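# Observations on the model geometry
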Amino acid sequence: MPFTAAPSVAVAQEAGSAQLPQTSPSDQSGPSQIEDVQVLGARPAQADRIDRRVYNVAQDELAQSSTALEVIGRLPSVTVSTSGAITLLGQGSASILIDGKPAANTESLRALLGSDLDRVEVMTNPSSEFRAQGTGGVVNIITRRRRPIGLSGNILGSADSQENLRLTLSSSAMIDRWTLTANSSVEQSANRQDRRRAREALTPAADDLIEDHGFRQSGRNATLGANATYAHDAERTVTFGGSIGRNRSRSDNFYSRRFTGAATADVDERTTGRAGADTGEANIEVSLRAPDRRTQTKYIASLSSTDFYFEDIYQRSPALAGALNLRSAQARQGSERASASAAFEFDPTEDLVFKGGVSWDVDDQAIERLTDTGSPGDVMTSLSGEQSVFSAYGSMQFSARGWTVLPGFRAERATYAIDGSTLDRPAEADLFPSLHLRRSLSTDWSVNLSYSRRVNRPDLSRLDPRPFFTSATDAAVGSPGLRPEFTDALEARLEFGSGENVASATLYHRVTSDVWQAAYSLGADEVVLQTFINAGDRRNSGVELTARRALSSRLRFTGTANVFQSEQDRMAGFALERDSNTEHSLSLTLSFKPGGSDPMSDTFQWSARYSGGSRGYQSISSSSFQSGVSWRRPLTERLVSVLTVSDIFDTGDQTFDLVTPTFRQRTEVRGLGPQVKWTLVHRFGALQ
């Protein structure tokens, strides 16, 4: 197939991902094919399979001095926002996996070094092999399995002009039949933001508002993770893993609110807050492979917990009267998750591959909230509940008339049990079929066609009907009747690959029913209330173009362009209307290495990302553009320095508009401006 090269020795001896490896007649890789055989050559930077794109980041020099979050943010089709949210094709919420298991949070991607990654699998239209949750697709990060004998690893330290400091240690050791890995990270973080909000009231009972808001935050984060793999022999391995995390932060918010009218007095406010989160996870994975290498079975079980809390204290001048004159707001949310899965793969012939499995996921949540307004009768309210999802899937891959065909199905049953409330929901049973087809048109050209169905199910916080104050004048409330949103996705992709030059064009059409949209209203005492509703359907049709090209032995180019037409219901005044608009994005990267293939040569990189404006149910966001440069310089064989400057043109400002039946509001957010970051990476032990 195009883009496929002979695997290196490292590939031949590595274990596959926690999801069973892809082993199609036209694309077989991994330990099931090669054992104890030295194969010369290197893997291509990118390989396209029937249901995913594979980026071999282990050979990317810049990835070796980056975090996992930074690595995936540079991949085609992937967008990472400043808050860490990850989307594919510019839409939907992507599911992030590490070795086939759900990532705990974004912080776990910041604590994972790029030097520990082998490859990243990007699936904009996943097969039924993967859990259906997440309408935006799947990103599966595969870590290195083959390690040097003895102790080795990396130490990364970074500091930036915003006073963020990070120190990360990643180490591994191979001792007899054991492979041990550990990573730890400590961070001192700082964040700031300035914004102005102008609100025009459309009802006589409310006043217009001009609000200036300054936000400052500092925090400390620490994570620790470890894995131990025991290889009984070439066919049987067991892996034990676990991680813990601790996050603490303090914030200072300054508000100056000026109301036009007599209904509400002007006020200056300072809000001080503290927040924290403690996380923990433990898992075990057992892999069994038949001696003939045609059958593999994997069993995975995991437990995880998260405990999050926050407290805000409000100080006003002058003090206000009224039922919503907040003095403080507190909340604590705990979550305990358990999952177990069993998966098998059987390839009786070179042209036939069967896959199947079952999984069970349970999420037990508890939410406690206390709002102190200074009035009698303030009490703490609590809500707890459990969501359970049982699923089974099966697929069969075969060849027919020059096509590789991969049909699959997935059945899931979700149940809810919410204690002490009227929020109990009936069980939901749904089918999620998928179909992938691939055909090689020539040595360099191929075509992929695919269909999948996926879902977003609301968690307890989306259903909780109690107000959750994010500031003295902003609150969010859940919707007990919120239904899951379903997405049916069609894709057709034409691919070209010749050596280091690869390109693709992807046509896609996505229909989301019962789409979630944020709806806003102006409540008592000038509080803006946000909730999520099911707002009809949304249809997105577009094209994405990607290209990677070696312009010379020293200069390389990567580009991605995405344009799609979005059609959805949108609030216009007091009535709904069908709205259609075009959204687009563009990202470009140029890498220059004066020394060519010399590993001690400097590398210079320029990147730019443009995103056009977007429209929602009641919201409009402006376009954004950011550009940055980086300079990677090997100081020695083991020590590398990376200097990065982001937002070099100071173009990070954005505006967000809300248009509702009762008010219009514009929020102007000031960007941070150019930021400088310096990173040092030291490799110790055997060089990988």
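For every chain, the first residue of the written sequence is number 1, and numbering continues from 1 onward in sequence order. Where local features are concerned, this predicted model is filtered to residues with pLDDT of at least 70; where side-chain atom pairs are given and counted, the filter is 80 or more; whole-chain, interface and lining totals use all residues. To obtain the side-chain values, all non-hydrogen atoms of the structure were included, while hydrogens and water were left out.

Moving on, we get to the overall build of the protein. Along its length, the protein carries four helices and 41 strands. Think of it in three bands: with a 1.4 Å probe and only protein chains considered, a residue is buried below 20% of the maximum accessible area for its type, exposed above 50%, and partly exposed in between. Residues classed as buried in the protein amount to 47% of the 688 residues present. Any two residues whose heavy atoms approach within 4.5 Å are treated as being in contact. A fraction of 66% describes how many contacts in the protein between residues 6 or more apart in sequence connect residues 24 or more apart. Note on areas: Shrake-Rupley with a 1.4 Å probe; residue coverage comes only from the protein chains shown. By element, 57% of the accessible surface of the protein is carried by carbon and sulfur atoms, the whole surface being about 30300 Å². Numbering of helices and strands starts at the N terminus; helices are DSSP runs of H or I of at least 4 residues and strands are runs of E of at least 2.

Time to look at the pattern of salt bridges. Each reported salt bridge corresponds to a side-chain nitrogen of Lys or Arg within 4 Å of a carboxyl oxygen of Asp or Glu. Applying the stated criterion across every chain, the model contains 46 salt bridges. The salt bridge partner of Arg53 is Asp48, with a shortest N-O separation of 3.3 Å. The class of Arg53 is buried, set by a relative accessible area of 5%. Judged by its relative accessible area of 1%, Asp48 falls in the buried class. Here Arg664 ties to Glu200 by a salt bridge, and the two come within 3.1 Å at their closest N and O atoms. Of this pair, Arg664 sits in strand 40 (residues 663–670) while Glu200 sits in strand 13 (residues 178–201), placing them 464 residues apart in sequence. Using a relative accessible area of 36% as the deciding quantity, one classes Glu200 as partly exposed. What you see here is one network of salt bridges that share partners, running through Asp51, Arg52, Asp118, Arg119, Glu121, Glu129 and Lys355.

Each strand in a sheet pairs with its neighbour through backbone hydrogen bonds, running either in the same direction (parallel) or in the opposite one (antiparallel). As summarised here, the arrangement of the four strands in space is 25-26-30-29, forming an open sheet in which the pairing is mixed. Every other strand in the sheet has two partners, leaving strand 25 (468–471) and strand 29 (516–522) as the edge strands with one partner each. Strand-to-strand, the axes of this sheet are offset by a mean angle of 30°, without reference to chain direction. Being paired, for any two strands, means DSSP has found at least two bridges between them. In this sheet, strand 30 (residues 528–534) lies alongside strand 26 (residues 474–476) in parallel orientation, the contact comprising three bridges. Note on strand 30: the bridge partner recorded for Asp474 is Val528. Fitted lines through C-alpha atoms give the axes, limited to the stretch in contact for helices. The angle between two N-to-C directions lies from 0 to 180 degrees.

Before going further, it helps to examine the environment of Ser128. Along the chain, Ser128 turns up in the loop between strand 9 (117–123) and strand 10 (138–143). Looking at Ser128, the relative accessible area reads 3%, which means it is buried. Spatially, the C-alpha atom of Ser128 lies 5.4 Å from that of Arg410, the residues being 282 residues apart in sequence. Discounting chain neighbours no more than four positions away, the residues touching Ser128 are Tyr393, Gly394, Gly408, Phe409, Arg410, Phe432 and Ser434.

Note on strand geometry: in a regular strand, side chains alternate between the two faces of the sheet. Counting buried residues along strand 9, seven of its seven residues qualify, which places the element largely inside the surrounding structure. Bridge count for strand 9 against strand 10 is six bridges, and the pairing is antiparallel. From the neighbouring strand, Arg119 faces strand 10, where its bridge partner is Ile142.

We now examine the nonpolar core. Here, the term nonpolar core denotes a set of buried Ala, Val, Leu, Ile, Met, Phe, Trp, Tyr and Cys residues that are joined through side-chain atoms within 4.5 Å. Membership of the largest hydrophobic core comes to 22 residues, with the highest contact counts inside it found for Ile72, Ile86, Ile96, Leu109 and Ile141. Taken together, the elements giving at least two residues each to this core come down to helix 2 (68–73), strand 6 (86–88), strand 7 (95–98), strand 9 and strand 10. A total of four residues in this core trace back to one element, the largest contributor, which is helix 2. Not counting residues within four places of it along the chain, the set of residues in contact with Leu109 comprises Thr67, Ala68, Leu69, Ile72, Ile86, Ile96, Ile98, Ala103 and Ile141. Core analysis: the second largest hydrophobic core is formed by seven residues, Ile418, Leu460, Leu463 and Leu482 among them.

As a further point, take the environment of Gln133. Looking at where Gln133 falls in the secondary structure, it is placed in the loop between strand 9 and strand 10. Taking the relative accessible area as the measure of exposure, Gln133 reaches 31% and is therefore partly exposed. For Gln133, the residues in contact, after removing those within four places along its chain, are Ser95, Arg454, Val455, Asn456 and Arg457. At a separation of 3.5 Å, a polar atom in the side chain of Gln133 contacts the side chain of Asn456. Whenever a nitrogen or oxygen atom comes within 3.5 Å of another N or O atom, the pair is scored as a polar contact, on the condition that within protein one atom can donate a hydrogen and the other can accept it, and that pairs from neighbouring residues in sequence are kept only if both atoms are in side chains.

Residues Ser95 and Leu97 point to one face of strand 7 and Ile96 and Ile98 to the other, with burial holding for every one of them. Bridge analysis of strand 7 against strand 10 gives four bridges, and the strand direction is parallel. Along strand 10, the bridge assignment pairs Leu97 with Asn140. As defined by bridge partners, strand 7 adjoins strand 8 (residues 101–102) across two bridges and the pair is classed as antiparallel. The partner of Ile98 across the bridge, within strand 8, is Lys101. What sits between strand 7 and strand 8 in their antiparallel hairpin is a turn of two residues, with Asp99 showing a positive phi close to 55°.

A separate point is unusual backbone geometry. One non-glycine residue, Glu163, lies in the positive phi region at around 70°. Inspection of the secondary structure assignment puts Glu163 in the loop between strand 11 (150–160) and strand 12 (165–175). Looking at Glu163, the relative accessible area reads 57%, which means it is exposed. Of note, the phi angle at Arg293 is positive, near 70°, even though the residue is not glycine. By the secondary structure assignment, Arg293 is in the loop between strand 16 (267–289) and strand 17 (295–317). Classification of Arg293 as buried rests on a relative accessible area of 14%.

The residues that make up patches have over 30% relative accessible area and no salt bridge, and they are joined within 9 Å when like-charged or within 5 Å when they are Val, Leu, Ile, Met, Phe, Trp or Tyr. Judged by side-chain polarity, Phe592, Phe604, Trp631, Leu643, Val676 and Trp678 come together as a nonpolar surface patch covering roughly 530 Å² of accessible area. Residue position: Leu643 is located in strand 38 (residues 639–646). The class for Leu643 is partly exposed, based on a relative accessible area of 32%.

One open sheet accounts for six strands, arranged 3-4-9-10-7-8; its pairing is mixed. A single partner strand is all that each edge strand has here, and the edge strands are strand 3 (46–48) and strand 8. Sheet topology places strand 3 next to strand 4 (residues 53–55); three bridges connect them, and they run antiparallel. Paired with Gln46 across the bridge in strand 4 is Tyr55.

Structurally, Asn562 is set in strand 32 (residues 555–572). When its relative accessible area of 3% is taken as the criterion, Asn562 is described as buried. Separated by 3.0 Å, the side chain of Asn562 and the backbone oxygen of Leu89 make a polar contact.

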